[in-house]
Number of protein chains: 2
Amino acid sequence: MSPLPPLFSALGDPTRLAIVERLMTEGELDAGTIQAALPISAPAVSRHLDVLKRAGLVTRRAEKQRRLYAVRPEALTTISQWTMSHREFWDTSLRRLELAIKKDQTP
Amino acid sequence: MSPLPPLFSALGDPTRLAIVERLMTEGELDAGTIQAALPISAPAVSRHLDVLKRAGLVTRRAEKQRRLYAVRPEALTTISQWTMSHREFWDTSLRRLELAIKKDQTP
DNA sequence: CCAATATTTAACAGTCTTGCTAATTAAAGA
DNA sequence: TCTTTAATTAGCAAGACTGTTAAATATTGG
């Protein structure tokens, strides 16, 4: 239901990944608090938050004159499900790799 | 060890995501075979493959005059580990959401 | 050696992205 | 009402991204 490329694209920027990680560990935060920890201007942060919002990664709600942002758990679930849907591939590939290395080291 | 933003950024392009998914289901493929399924020129595909390579998402090896590409399982593991490291957040958030919806529907 | 095949590199155009400062909008509170 | 606080939108510049065609590189196989 949720398209992956916008999610990956949004997380591909280090600033946005940092914002998402902070929101996940600290929970809902307002734009000002998010901005304070970053080395860029408020308008720049506002645009990053808009990108995250349009990708479906965060929600936004108004509280007095503040805008509160929070990560949408469904977005993370979508990514998790994608990796899991390919788990058979990377799990067995990794196992094969480890076996090959072991065989190489102790001949 | 492997940085996430380049991985996410590389997967943020629909063409590259499609390439990675195809390589995961079909295994190692040469550049020409990958290009044949896509609506863009060979040089464009070559550049996408280079982006994937530099992000650490694929390996490349020469076989006669062909270049064979394959997904690095470690890259997928890195992403999986990231989602899992935040699983407590999205798992409990989702559960809370579901409870709130249920409470709303049957008052 | 030469022609064919496979792929990449070069050069270029159009479009996005990201940052900035200045201006605007919205609500709070004296 | 007027000032302060919070955040966004507008407008602009620098640089990155993606696609194209043409040229270059490398390997094969007659």
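Not measured: the values here are computed from a predicted model.

S.K.: Help me out: how do you make sense of the pairing of strand β2 (residues 58-63) of chain A in this one?
M.R.: Walk down a regular strand and you will see the side chains alternate between the two sheet faces. Residue and element names in this part refer to chain A. Judged from the 6 bridges that link them, β2 and strand β3 (residues 66-71) form a sheet pairing that is antiparallel. Bridged to A62 within β3 is R67. The loop that links β2 with its antiparallel partner β3 comprises 2 residues; one of these, K64, has a positive phi angle of about 55 degrees.

S.K.: I tried to follow the sheet that holds strand β1 (residues 29-30) of chain A on my own but got confused; where do I start?
M.R.: All names here are of chain A. On the basis of which strands lie adjacent, the open sheet formed by 3 strands has the order β1-β3-β2 and antiparallel pairing. Each having just a single partner strand, β1 and β2 make up the two edges of the open sheet. Each of β1, β2 and β3 is contacted by helix α2 (residues 14-26), which is oriented at about 85 degrees to β3, the strand it contacts most.

S.K.: What is the right way to read the sheet that holds strand β2 (residues 58-63) of chain B from this model?
M.R.: Adjacent strands of a sheet form backbone hydrogen bonds with each other and so pair up, either parallel or antiparallel. Residues and elements named next belong to chain B. Spatially, 3 strands are ordered β1-β3-β2 in an open sheet, and the strand pairing comes out antiparallel. A strand with exactly one partner marks an edge of an open sheet, and here the two such strands are β1 (29-30) and β2. Each of β2 and β3 (66-71) touches helix α4 (residues 42-54); the most contacted strand, β2, lies at about 120 degrees to it.

S.K.: For this particular structure, what's the right way to read the packing of helix α1 (residues 4-11) of chain A against helix α5 (residues 73-85) of chain A?
M.R.: Pairs of packed helices are described in terms of their axes, by the angle between the two and the distance that separates them. All names here are of chain A. In the contact formed by α1 and α5, the axes pass within 11 Å of each other and the chain directions differ by 105 degrees. Considering their axes alone, α1 and α5 lie roughly perpendicular with respect to each other. Contact residues: L4, L7, F8 and L11 in α1; A75, T78, I79 and W82 in α5.

S.K.: Teacher, can you tell me more about the protein's contact with DNA strand C here?
M.R.: Residues in contact with DNA strand C amount to 21 residues; listed here are only the nearest, A:S41, A:H48, B:G32, B:S46 and B:Y69. The protein-proximal atoms of DNA strand C, defined as those within 4 Å of the protein, are 72% sugar or phosphate. Here a phosphate oxygen of DNA strand C and a side-chain polar atom of A:D13 are 3.3 Å apart. At a separation of 3.4 Å, a phosphate oxygen of DNA strand C approaches a polar backbone atom of B:R67. Within the residue set of the surface near DNA strand C, elements represented by two or more residues are α4 (42-54) of chain A together with α3 (31-36), α4 and β3 of chain B.

S.K.: What is the right way to read the protein's contact with DNA strand D from this model?
M.R.: If you check the shell around DNA strand D, you find 22 residues, and the closest are A:G32, A:S46, A:Y69, B:S41 and B:H48. Each atom of DNA strand D within 4 Å of the protein was assigned to sugar, phosphate or base; sugar and phosphate come to 65%. A:G32 places a polar main-chain atom, nitrogen or oxygen, 2.8 Å from a phosphate oxygen of DNA strand D. Listed by contribution, the elements that provide at least two residues to the surface near DNA strand D are α3 (31-36), α4 and β3 of chain A together with α4 of chain B. In the surface near DNA strand D, the residues fall into 7 nonpolar, 6 polar and 9 charged.

S.K.: What exactly am I supposed to notice about the relation of the copies chain A and chain B here?
M.R.: Mapping chain A onto chain B leaves a residual RMSD of 0.0 Å; the transformation is a rotation of 180 degrees accompanied by 0.0 Å of translation along its axis. In the structure described here, the two chain copies are related by an operation that fits a two-fold rotation axis. Looking at the interface residues of chain A, 100% of them are also at the interface in chain B, so both copies use one shared face.

S.K.: Is there a simple way to think about α5(A) in this case?
M.R.: A turn of α-helix holds 3.6 residues, and therefore any two residues three or four places apart point the same way. Given a rise of 1.5 Å per residue, 13 residues ought to cover 18 Å, and the 18 Å separating the end C-alpha atoms of α5(A) matches this to within 8%. Listed as buried for α5(A) are A:P73, A:A75, A:L76, A:T77, A:T78, A:I79, A:S80, A:W82 and A:T83.

Analysis parameters
Residues numbered from 1 in each chain as written. Chains lettered and ligands numbered in written order. Predicted model: local features only at pLDDT ≥ 70, side-chain atom pairs only at ≥ 80, totals over all residues. Heavy atoms only, no water. Pairing = 2+ DSSP bridges. Helix = DSSP H or I, 4+ residues; strand = E, 2+ residues; numbered from the N terminus. Contact = heavy atoms within 4.5 Å. Axes fitted to C-alpha atoms, helices over the stretch in contact; angles between N-to-C directions. Parallel < 35°, antiparallel > 145°, perpendicular 65-115°, else oblique. Near = heavy atom within 4 Å. Polar contact = N/O pair within 3.5 Å; in protein donor to acceptor, adjacent residues only side chain to side chain. Nonpolar A, V, L, I, M, F, W, Y, C, P; charged D, E, K, R; others polar. Least-squares fit on C-alpha atoms with pLDDT ≥ 70 in both. Expected span 1.5 Å × (residues − 1). Buried < 20%, exposed > 50% of the residue type's maximum accessible area, 1.4 Å probe, protein only.

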